[in-house]
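# Chain and residue survey
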Amino acid sequence: MFTPPTTCPNPACKHHRAPAPDWYAKKGYYRTKFDRQPVPRYRCKACGRYFGSHTGTATYRQHKPKANALIAKLLCSGVTMRRTAEIVGVSRRTLAKKFQWLAVRARAAHAEYLKRAAYPTSYVQFDEMETYERSKLLPLSIALAVRPKTGYVMGVKVAEMNCHGRPARASVQRYGRRQDTRGAAALAVFREVAMIAKPGLTVATDKKAAYKNLIKDALPDAAHAVHPSRKGPASSRDPLFHLNHICAKLRSDLSRLSRRTWSATKKAACLQDHLDLYVAFNNNYAIA
Ligand SMILES: [Zn+2]
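Scoring rules and cut-offs
- Residues numbered from 1 in each chain as written.
- Predicted model: local features only at pLDDT ≥ 70, side-chain atom pairs only at ≥ 80, totals over all residues.
- Heavy atoms only, no water.
- Helix = DSSP H or I, 4+ residues; strand = E, 2+ residues; numbered from the N terminus.
- Buried < 20%, exposed > 50% of the residue type's maximum accessible area, 1.4 Å probe, protein only.
- Contact = heavy atoms within 4.5 Å.
- Areas by Shrake-Rupley, 256 points an atom, 1.4 Å probe, with all protein chains shown as cover.
- Pairing = 2+ DSSP bridges.
- Axes fitted to C-alpha atoms, helices over the stretch in contact; angles between N-to-C directions.
- Disulfide = S-S within 2.5 Å.
- Donors = N, O, S within 2.8 Å, 3.2 Å for Na, K, Ca; no water.
- Core = buried A, V, L, I, M, F, W, Y, C linked by side-chain atoms within 4.5 Å.
- Phe/Tyr/Trp six-rings, centres within 6.5 Å; stacked < 30°, edge-to-face > 60°.
- 1 Å grid on protein atoms, 1.4 Å probe; cavity = no way out; pocket = protein on both sides within 12 Å on 5 of 7 lines; lining within 4 Å.
- Points joined across faces, edges and corners; volume = space filled by probe spheres on them.
- Nonpolar A, V, L, I, M, F, W, Y, C, P; charged D, E, K, R; others polar.

## Observations concerning the overall build of the chain
Scanning the chain from terminus to terminus reveals eight helices and eight strands. The buried share of the chain, taken over its 288 residues, is 42%. Excluding contacts between residues fewer than 6 apart, the proportion of contacts in the chain whose partners are at least 24 apart in sequence is 55%. Per element, the accessible surface of the chain, about 16,300 Å² overall, is 52% carbon and sulfur.

Laid out in structure tokens, this is it:
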């Protein structure tokens, strides 16, 4: 079960890049804190560095690696951060660290998926949904592209925006004007779609005028299908049904996106982390 690393973990060592045959010696074992299993230890014959079978693996130095998978599932199943920590039996500090670790792995898995482009797509749906950080006076927008054929999320990016309507004045008075980064976020999502687009791609959106030029920028060969937005509950007659379905799932599966919640986002960056984690969960990437 345990295999030593194939190269020396010391970057300054000659066996780091090109290990000679028989470059390490076995040196006893240690027991992990989490399951008391004996893990073999080794010593590099050139630089003398000691290392174990876990050295350099993704969960190296983690005390509870077995909790990662459950944490990822709970955080994508409507459970709040605090309650996840309580269920799994870790501190909130540990949970925050594991959440970050999972988000980084989720992003890497999605980048790999886009780079491989094994199943290019000819049709995606795109839209934005709204939420906020800390206060309803600090709104955020989430740009989102979904591939209806698989239900996979192709790209998701958080953007800052200004309040519109009645609370707009109060928002400016209290927090000043915000940067509107919605265009950049939408563009970033379209660029991700471009990585796995088949020739003859169609992007379906609602009637928001800004999308036309953004799509032209990122996807010059794509066709743009414009649908009037529909009010009321999601139905399969809705031309953007698959996208709205994912939005509805996000509202129920990410506790911070529920309506009238007290576990709302505190920092936009953490919302992005949570969305990236959800993409990995939704698209079935193995990250934990
Ligand atoms: Zn070495």
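## Some words on the sheet that holds strand β1 (residues 24–31)
Spatially, the three strands line up as an open sheet ordered β1-β2-β3, and their pairing is antiparallel. Pairing within the sheet leaves two strands with one partner each, and these edge strands are β1 and β3 (50–52). In this sheet, adjacent strand axes meet at a mean angle of 30° when their direction is disregarded. As paired strands, β1 and strand β2 (residues 38–44) are joined by six bridges and run antiparallel to one another. If you follow Arg31 over to β2, its bridge partner there is Pro38.

## Some points on the state of the cysteines
According to the stated counting rule, one finds zero disulfides in the structure shown. The cysteine Cys76 is free of any disulfide, with Cys270 supplying the nearest cysteine sulfur at 14 Å.

## Description of the environment of Met81
Counting through the fold element by element, Met81 comes out in helix α2 (residues 81–88). Here the alpha-carbon distance between Met81 and Ser263, two residues 182 residues apart in the chain, equals 8.5 Å. Leaving out residues up to four positions away in the same chain, Met81 has contacts with Leu75, Leu95, Phe99 and Arg256.

## Focus: unusual backbone geometry
The residue Arg61 is not glycine, and still its phi comes out positive at about 75°. Within the secondary structure layout, Arg61 lies in the loop between β3 and α1 (68–75). We note that Ala117 has phi near 45°; this positive angle belongs to a residue other than glycine. Structurally, Ala117 is set in the loop between α3 (92–116) and β4 (121–132).

## With respect to the coordination of the zinc ion
Protein-derived coordination of the zinc ion comes from Cys8 (SG), Cys13 (SG), Cys44 (SG) and Cys47 (SG), at a distance range of 2.3 to 2.4 Å. Each donor residue of the zinc ion lies on one chain, and together they are spaced C-x4-C-x30-C-x2-C. Remark: Cys47 occurs in the loop between β2 and β3 and Cys8 occurs in the segment before β1; sequence separation between them is 39 residues. For Cys8, a relative accessible area of 0% translates into the label buried. For Cys47, a relative accessible area of 34% translates into the label partly exposed.

## Let's talk about the nonpolar core
If you look at the biggest cluster of nonpolar residues, it comprises 61 residues, and the most contacted ones within it are Phe126, Phe190, Val203, Leu219, Leu250 and Leu275. Examining the composition of this core, we find that eight residues originate from one element, α3, more than from any other. Once residues within four sequence positions are removed from consideration, Phe126 is found in contact with Ala143, Leu144, Ala145, Ala186, Val189, Phe190, Val203, Ala204, Thr205, Asp206, Tyr211 and Leu243. Judged by nonpolar contacts, the second largest core, of six residues, contains Cys13, Tyr42, Cys44 and Phe51.

## Notes on the packing of aromatic side chains
As enumerated under the stated definition, the model contains nine aromatic pairs in all. Judged by centre distance (4.4 Å) and plane angle (40°), the rings of Phe126 and Phe190 are tilted. Of this pair, Phe126 sits in strand β4 while Phe190 sits in helix α5 (residues 182–195); the two residues are 64 residues apart in sequence, bridging distant segments of the chain. On the accessibility criterion, Phe126 (0% relative accessible area) is buried. For Phe190, a relative accessible area of 1% translates into the label buried. Aromatic pair Phe126 and Tyr211: ring centres 5.2 Å apart, planes at 85°, arrangement edge-to-face. Within this pair, whereas Phe126 is found in strand β4, its partner Tyr211 is found in helix α6 (residues 211–218), the two being separated by 85 residues in sequence. No difference in accessibility class separates Phe126 from Tyr211, as the two residues are buried.

## Quick look at the layout of surface pockets
Approximately 760 Å³ is the volume attributed to the largest pocket. Considering the residues around the largest pocket, the lining is formed by 28 residues, among which Met129, Glu130, Thr131, Arg251 and Arg259 are closest to the centre. Considering only residue class, the lining of the largest pocket consists of 10 nonpolar, seven polar and 11 charged. Looking at the second largest pocket, it is lined by 18 residues, and the ones nearest its centre are Met81, Arg82, Arg256, Ser263 and Lys266. Here the lining of the second largest pocket takes five residues from α3, the largest share from any one element. Tallied by class, residues from the lining of the second largest pocket come to seven nonpolar, six polar and five charged.

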